[in-house]
Amino acid sequence: MTKIIKDIPLKTDEKNAYLRYLTTTDLPDILELQTIVYEALEDKKRLETLDESEFRTILEGEPLMVGIFHQDRLIAFRAFLNPAADEEGLGSDIGLTEEEFAEIIYSEISNVHPNYRGNHLQTQMGRFIMNQLDTSLFRYVLATVAPGNIPSMKDKFALGMRIYKVKEKYGGKLRYVYCNDLKLKEIRAENQTEINMNDIDGQEKLIEEGYLGVEMKKSDREWTITYQK
């Protein structure tokens, strides 16, 4: 078995889970878990699944995919990807130049088994990978999230990512484009406003005016996003 990297405490079991890097030998378990997660979703548009060849490309590259196991069963995984020439166009979406594409890394996909949600596994995996990144090579961590995918949105904000864009991606699916500029110092906001998450047109206007989405809050039964510039 590949070396265990880190123990992960679980709320529901005295026996800890553990994190390790994944390899191509884990592909069957990865695909099985992705199917379980996908089938459990009420809104299937929230997850852009990967096929076996796409997972293999990630696993055969740099060590940028980790999994969490409980009692030797894969219960969560997360993959980052060093894209060739900004493959999904996320850098272009937020105005990066071709010269900056080489400094991009994608937070590509993460899945957590429905029975293990609530343990912050997605964010723990994200922090682990980001702590291993060579910041002399990578500056921009990019990701997309479907509006209303609350766990994934919380995860991106927890990893220091901000909303830079909201637009249709992947054949017409609405997505937030998140970015963490690893060389950007703390932003001193001169203006701040909160807006209902469902007000997509309003968010687009704020972004056009130079605002970035920096956090989310729940007010009564609705979620709002705080934008600053």
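Only a predicted model underlies this, so the values are computations on that prediction, with no experimental measurement involved.

1. Observations regarding the pairing of strand S4 (residues 73-81)
- Among the 9 residues in S4, 8 count as buried, and that is most of the element.
- Judged from the 6 bridges that link them, strand S3 (residues 65-70) and S4 form a sheet pairing that is antiparallel. Bridged to Met-65 within S4 is Ala-79.
- Hairpin connection of S3 to S4: 2 residues between the antiparallel strands, including Gln-71 at a positive phi of 50 degrees.
- Of the pairings in the sheet, the one linking S4 to strand S5 (residues 104-112) comprises 6 bridges and is antiparallel in character. Residue pairing for S5: Ala-76 is matched across the bridge by Val-112.

2. Things to note about the packing of helix H1 (residues 27-40) against helix H2 (residues 52-59)
- It is the contact of H1 with H2, at a shortest axis distance of 11 Å, that shows an interaxial angle of 130 degrees. What the angle tells us is that H1 and H2 run oblique. Both H1 and H2 take part in a crossing whose hand is right-handed. Contact residues: H1 offers Leu-27, Ile-30, Leu-31 and Gln-34, while H2 offers Glu-52, Phe-55, Arg-56 and Leu-59.
- Considered class by class, the residues forming the contact of H1 with H2 number 5 nonpolar, 1 polar and 2 charged.

3. Section: the pairing of strand S8 (residues 173-181)
- The buried fraction of S8 is high, at 7 of 9 residues.
- Sheet topology places strand S6 (residues 140-145) next to S8; 6 bridges connect them, and they run antiparallel. Bridging across to S8, Ala-143 finds its partner in Tyr-178.
- Relative to S8, strand S7 (residues 162-169) runs antiparallel, the two being bridged by 7 bridges. Opposite Lys-169, over in S8, you have Lys-173 as the bridge partner.
- Linking S7 back to S8 in an antiparallel pair, the connection comprises 3 residues, with Tyr-170 at a positive phi of about 50 degrees.

4. Topic: helix H6 (residues 200-208)
- Turning to H6, its buried residues are Ile-200, Gly-202, Gln-203, Leu-206 and Ile-207. An end-on view of H6 places all buried positions within 160 degrees of arc, on one side of the element. Of the exposed residues in H6, the ones pointing more than 90 degrees away from its buried face are Asp-201, Lys-205 and Glu-208.
- The elements touched by buried residues of H6 are S7, S8, strand S9 (192-196) and strand S11 (222-228).
- Backbone nitrogen of Gly-202 and a side-chain oxygen of the N-cap are separated by 2.8 Å at the start of H6; the cap is Asp-199.
- Backbone geometry just after H6 places Gly-210 at a positive phi near 100 degrees.

5. So, the pattern of salt bridges
- Evaluation of the coordinates by the stated rule reveals 12 salt bridges.
- The closest approach of N and O atoms between Arg-20 and Asp-26, which form a salt bridge, is 3.0 Å.
- Here Lys-156 ties to Asp-155 by a salt bridge, and the two come within 3.1 Å at their closest N and O atoms.
- By relative accessible area, Lys-156 is classed as buried at 4%.
- Note on Asp-155: relative accessible area 0%, which makes it buried.
- One network of salt bridges, in which partners are shared, links Glu-52, Arg-56 and Glu-60.

The rules behind these values
- Residues numbered from 1 in each chain as written.
- Predicted model: local features only at pLDDT ≥ 70, side-chain atom pairs only at ≥ 80, totals over all residues.
- Heavy atoms only, no water.
- Buried < 20%, exposed > 50% of the residue type's maximum accessible area, 1.4 Å probe, protein only.
- Helix = DSSP H or I, 4+ residues; strand = E, 2+ residues; numbered from the N terminus.
- Pairing = 2+ DSSP bridges.
- Axes fitted to C-alpha atoms, helices over the stretch in contact; angles between N-to-C directions.
- Parallel < 35°, antiparallel > 145°, perpendicular 65-115°, else oblique.
- Left-handed = near helix turned anticlockwise from the far one by under 90°.
- Contact = heavy atoms within 4.5 Å.
- Nonpolar A, V, L, I, M, F, W, Y, C, P; charged D, E, K, R; others polar.
- Arc of directions from axis to C-beta.
- Polar contact = N/O pair within 3.5 Å; in protein donor to acceptor, adjacent residues only side chain to side chain.
- Salt bridge = Lys/Arg side-chain N within 4 Å of Asp/Glu carboxyl O.

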